[in-house]
Amino acid sequence: MKQEKELLEFPCDFPIKVMGFADPQFASTIGGLVKEFDPLFNPETIARRPSKQGRYEALHIVVHATGREQLDSIYMALTHHPMVKVVL
């Protein structure tokens, strides 16, 4: 059986960019969602950046990742959230 080498060493701080329509509740909603998977996550650390026309907003989030499964769960939850358009 071939072993895959992990590209990341856990635990680590892992940046995630989340984009969606501009909404006053977008950052707090996404922050609450991320906190479900990373209890130490502080939603106040989310960096927000609006688009030029103000229609969209990009959030820069840094989670303390403890493993691949946790990151996969966060990405799945974010990509399936109705407020989210893109997750990088």
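For the structure given in this document, a descriptive report is provided here. (Residues numbered from 1 in each chain as written. Predicted model: local features only at pLDDT ≥ 70, side-chain atom pairs only at ≥ 80, totals over all residues. Heavy atoms only, no water.)

Remarks on the packing of aromatic side chains
Okay, so step 1: In this structure the tally under the stated criterion is two aromatic pairs.
Okay, so step 2: Both rings, one in Phe14 and one in Tyr75, keep their centres 6.5 Å apart while their planes meet at 70 degrees; by these two values the pair is edge-to-face. Note that Phe14 is positioned in strand E1 (residues 12–21) and Tyr75 in helix H2 (residues 68–80), a separation of 61 residues in sequence.
Okay, so step 3: Residue class for Tyr75 comes out partly exposed when judged on its relative accessible area of 23%.
Okay, so step 4: Taking the centre distance of 4.9 Å and the plane angle of 20 degrees together, the rings of Phe21 and Tyr56 count as stacked. Of this pair, Phe21 sits in strand E1 while Tyr56 sits in strand E3 (residues 56–65), and the two are 35 residues apart along the sequence.
Okay, so step 5: A relative accessible area of 34% places Phe21 in the partly exposed class. (Phe/Tyr/Trp six-rings, centres within 6.5 Å; stacked < 30°, edge-to-face > 60°. Helix = DSSP H or I, 4+ residues; strand = E, 2+ residues; numbered from the N terminus. Buried < 20%, exposed > 50% of the residue type's maximum accessible area, 1.4 Å probe, protein only.)

Topic: the nonpolar core
Okay, so step 1: Ile16, Val18, Ile30, Leu59, Ile61, Val63 and Leu78 are the most contacted members of the largest nonpolar core, which totals 21 residues.
Okay, so step 2: If you list the elements that add at least two residues to this core, you get E1, helix H1 (26–37), E3, H2 and strand E4 (84–87).
Okay, so step 3: The leading source of residues in this core is H1, at five residues.
Okay, so step 4: Each residue touching Leu59, except ones within four places of it in the same chain, is listed here: Ile16, Lys17, Val18, Phe26, Ala27, Ile30, Ile46, Ala47 and Arg48. (Core = buried A, V, L, I, M, F, W, Y, C linked by side-chain atoms within 4.5 Å. Contact = heavy atoms within 4.5 Å.)

Structural notes on H1
Okay, so step 1: Helix length check: H1, at twelve residues, gives a terminal C-alpha distance of 18 Å against a target of 16 Å (1.5 Å per residue), a fit within 8%.
Okay, so step 2: Within the span of H1, buried status applies to Phe26, Ala27, Ile30, Gly31, Leu33 and Val34. One face of H1 carries all of its buried residues, which in axial projection span an arc of 165 degrees.
Okay, so step 3: Packed against the buried residues of H1 are E1, strand E2 (47–50), E3, H2 and E4. (Expected span 1.5 Å × (residues − 1). Arc of directions from axis to C-beta.)

Considerations on the sheet that holds E3
Okay, so step 1: Spatial strand order, E2-E3-E1-E4: four strands in an open sheet with antiparallel pairing. Two strands bound the open sheet, and with one partner strand each, they are E2 and E4. Ignoring strand direction, the axes of neighbouring strands in this sheet form an average angle of 25 degrees.
Okay, so step 2: Note that E2 and E3 share four bridges and pair antiparallel. For Pro50, the partnering residue across the bridge sits in E3 and is Glu57.
Okay, so step 3: Strands E1, E2, E3 and E4 of the sheet are contacted by H1, whose axis makes an angle of about 20 degrees with E3.
Okay, so step 4: Of the strands in this sheet, E1, E3 and E4 are in contact with H2, which crosses E1 at around 5 degrees. (Pairing = 2+ DSSP bridges. Axes fitted to C-alpha atoms, helices over the stretch in contact; angles between N-to-C directions.)

Shape is all these values report; function is a separate question.
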